[in-house]
Amino acid sequence: GRHSSWLRLPNNDESEIEVRIGEARGKVKGQGGRLILFDVLQGQTLQVGESVVTQERGLLIGKVREILPQEAEPYQQADIEPAIGYGEIDYVLLIE
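Since this is a predicted model, take the numbers as computed values, not measurements.

Q: Before we go on, may I ask you to explain the overall build of the chain in this structure?
A: Per the secondary structure count, the chain includes zero helices and six strands. Helices and strands appear in the chain in the N-to-C order β-β-β-β-β-β. C-alpha extents for the chain along the principal axes are approximately 55 × 25 × 20 Å. When burial is assessed residue by residue, the chain has 28% of its 96 residues classed as buried.

Here you go:
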């Protein structure tokens, strides 16, 4: 028979993914079609161009495009350049 599923992409407003950026840890959340990195402690180093990968499997999410100012906050935020064009996806193959 035919099987299908719905997949929530990382840039969806309801998505939240635990990630690594070098030695730093944080989360990526969809926000208005963009990917925003958050929950990275101010003491952890972030650099533009650094790869952002999932914590569990090391799958590439994208690269740090811009570090967003958060001076009064204990956490840093960054805008992430997606590794792929999520708006161009029609089909995906899920592998267990």
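On we go.
Q: Got a minute to help me understand the pairing of strand S5 (residues 60-68) in this structure?
A: On any regular strand, side chains alternate: one points to one face of the sheet, the next to the other face. In terms of strand pairing, strand S4 (residues 51-54) meets S5 through three bridges, oriented antiparallel. Across the sheet, Val53 pairs through a bridge with Leu60, a residue of S5. Counted between consecutive antiparallel strands, the loop separating S4 from S5 contains five residues, among which Gly58 sits at a positive phi close to 70 degrees. Judged from the six bridges that link them, S5 and strand S6 (residues 75-82) form a sheet pairing that is antiparallel. Directly across from Leu68, in S6, lies its bridge partner Gln77. Linkage of S5 to S6, two consecutive antiparallel strands, is achieved through a turn of six residues.

Q: I'm lost on a nonpolar patch on the surface in this one. Help?
A: A grouping of Leu7, Val92 and Leu94 is seen on the molecular surface, where their side chains present a nonpolar patch of about 280 Å² in accessible area. By secondary structure assignment, the location of Leu94 is in the segment after S6.

Cut-offs and rules
Residues numbered from 1 in each chain as written. Predicted model: local features only at pLDDT ≥ 70, side-chain atom pairs only at ≥ 80, totals over all residues. Heavy atoms only, no water. Helix = DSSP H or I, 4+ residues; strand = E, 2+ residues; numbered from the N terminus. Buried < 20%, exposed > 50% of the residue type's maximum accessible area, 1.4 Å probe, protein only. Pairing = 2+ DSSP bridges. Patch = residues over 30% accessible without salt bridge, like charges linked within 9 Å, V, L, I, M, F, W, Y side chains within 5 Å. Areas by Shrake-Rupley, 256 points an atom, 1.4 Å probe, with all protein chains shown as cover. Salt bridge = Lys/Arg side-chain N within 4 Å of Asp/Glu carboxyl O.

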